[in-house]
Amino acid sequence: MPGTANKRANRQRFQETKGQDGLARLPRKRFYRQRAHANPFSDHTLEYPVSPAAMDWSSYYPAFVSEDQPDDSSQPRRMKQDVEIVDIGCGFGGLLVALAPLMPEKLMLGTAHCSFTLSEADFPGLEIRTSVTSFVQDRIWALREQNAAARLYQNAACLRANSMKFLPNFFKKGQLSKIFICFPDPHFKARKHKARIVSTTLNSEYAFALRPGGIVYTITDVEALHEWMVRHFDAHPSFERVPEEEEREDECVRVMMSETEEGKKVERNKGQKFVALFRRLEDPPW
């Protein structure tokens, strides 16, 4: 489509120019516009590893690549540590960018559930919308260049993925310490509830990837969706709700409420934000 070609050309021209300091410029959203939702059940053209052991993270976190590498070039390059924090549906990367300097030694990934509105994630960010993923990737690379002396943002990355289908392909059992689900698509219609990112089946996948003591962070401005998420996590034997006093003291909650793009929009509109945290319990003895 001509419009898409023009958008990409303008984006390329913008990226090739440097700021007054000679460093990379932060990307602008107007060059990355895309529809707010993507169908999580569609057959998207996605690349994903057959197992977590086959995932090569070296291009996402080059500063964390181990110097001790196998001679077999067919094997993924070893990392000094695993990805630990994931933001499912990272949107334009607000949460990811805010948390990365606070936890510089933890790998974060921003990923996307296919039908999220705007949200962010040692975090990976999973985002399924192509242009939005490109924006977050370009944003992180620019921030890395701008903060090279302090070596900031080396621990943040984003990839395009459908976490509803392929989460266990990326993360092994008990690998993660935090999962963020920020302002997911509420899917108001009953026939669309199967596309919600919190469900009985998906909660079992989160329990698989989270280590005991790990926490799922949820936030939404839709009270009915908040009640849905609380009800489904409360009903799952692998989770317990974090008490409100502990929730208030969690620095990640403050960042989650104030730094995501959707959170800022809710603030401007003087809307409500509903927060709930759920801790992964120890598995019972078999």
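Notes on the structure in this doc start here. From a predicted model like this one, the values you see are computed outputs, not experimental measurements.

### Considerations on the pairing of strand S5 (residues 176-182)
Judged by how many residues are buried, S5 sits mostly within the fold: seven of seven residues are covered. Where strand S1 (residues 83-88) lies against S5, two bridges are found, and the strand directions are parallel. Paired with Ile 85 across the bridge in S5 is Lys 178. Handedness of the β-α-β unit built from S5, helix H5 (residues 200-209) and strand S6 (residues 210-220) comes out right-handed.

### A few points about the pattern of salt bridges
Opposite charge on two side chains permits them to pair, given that their charged atoms come into close proximity. Within this structure, the stated rule accounts for 13 salt bridges. A salt bridge links Glu 84 to Lys 106; the shortest N-O distance between them is 2.8 Å. In this pair, Glu 84 sits in strand S1 while Lys 106 sits in the loop between helix H2 (94-99) and strand S2 (107-111), placing the two residues 22 residues apart along the sequence. The class for Glu 84 is buried, based on a relative accessible area of 13%. A relative accessible area of 30% places Lys 106 in the partly exposed class. With a shortest N-O distance of 3.6 Å, Glu 251 and Arg 254 are connected by a salt bridge. In this pair, Glu 251 and Arg 254 both sit in helix H8 (residues 251-259), three residues apart, roughly one turn of the helix. Residue classification places Arg 254 among the partly exposed positions, given a relative accessible area of 46%.

### Side note on H5
Owing to its 3.6 residues per turn, the α-helix brings residues three or four apart onto one side. Among all positions of H5, only Leu 202, Asn 203, Tyr 206, Ala 207 and Ala 209 are buried. End-on, the buried residues of H5 take up no more than an arc of 165°, which puts them together on one face. In H5, those exposed residues whose orientation departs by more than 90 degrees from the buried face are Thr 200 and Thr 201.

### Some words on the packing of aromatic side chains
In this structure the tally under the stated criterion is 10 aromatic pairs. Taking 6.4 Å as the distance between ring centres and 50° as the angle between the ring planes, the aromatic pair formed by Trp 57 and Phe 170 counts as tilted. The same class applies to Trp 57 as to Phe 170, namely buried. Geometrically, the ring pair formed by Phe 180 and Tyr 217 is stacked, given 4.5 Å between the ring centres and 15° between the ring planes. Here Tyr 217 lies in strand S6 and Phe 180 lies in strand S5, a separation of 37 residues in the sequence. For the pair Phe 180 and Tyr 217, one class covers both residues: buried. Members of the aromatic cluster, joined through ring pairs, are Trp 57, Tyr 60, Tyr 61, Phe 170 and Phe 171. Just above the ring of Trp 141 sits the side chain of Arg 144; from NZ or CZ to the centre is 4.6 Å. Over the ring of Trp 228 we find Arg 196; its NZ or CZ atom is 4.6 Å from the centre of that ring.

What counts and how
Residues numbered from 1 in each chain as written. Predicted model: local features only at pLDDT ≥ 70, side-chain atom pairs only at ≥ 80, totals over all residues. Heavy atoms only, no water. Buried < 20%, exposed > 50% of the residue type's maximum accessible area, 1.4 Å probe, protein only. Helix = DSSP H or I, 4+ residues; strand = E, 2+ residues; numbered from the N terminus. Pairing = 2+ DSSP bridges. Right-handed = clockwise from strand over helix to strand, strands pointing away. Salt bridge = Lys/Arg side-chain N within 4 Å of Asp/Glu carboxyl O. Arc of directions from axis to C-beta. Phe/Tyr/Trp six-rings, centres within 6.5 Å; stacked < 30°, edge-to-face > 60°. Lys NZ or Arg CZ within 6 Å of the ring centre and 35° of its normal.

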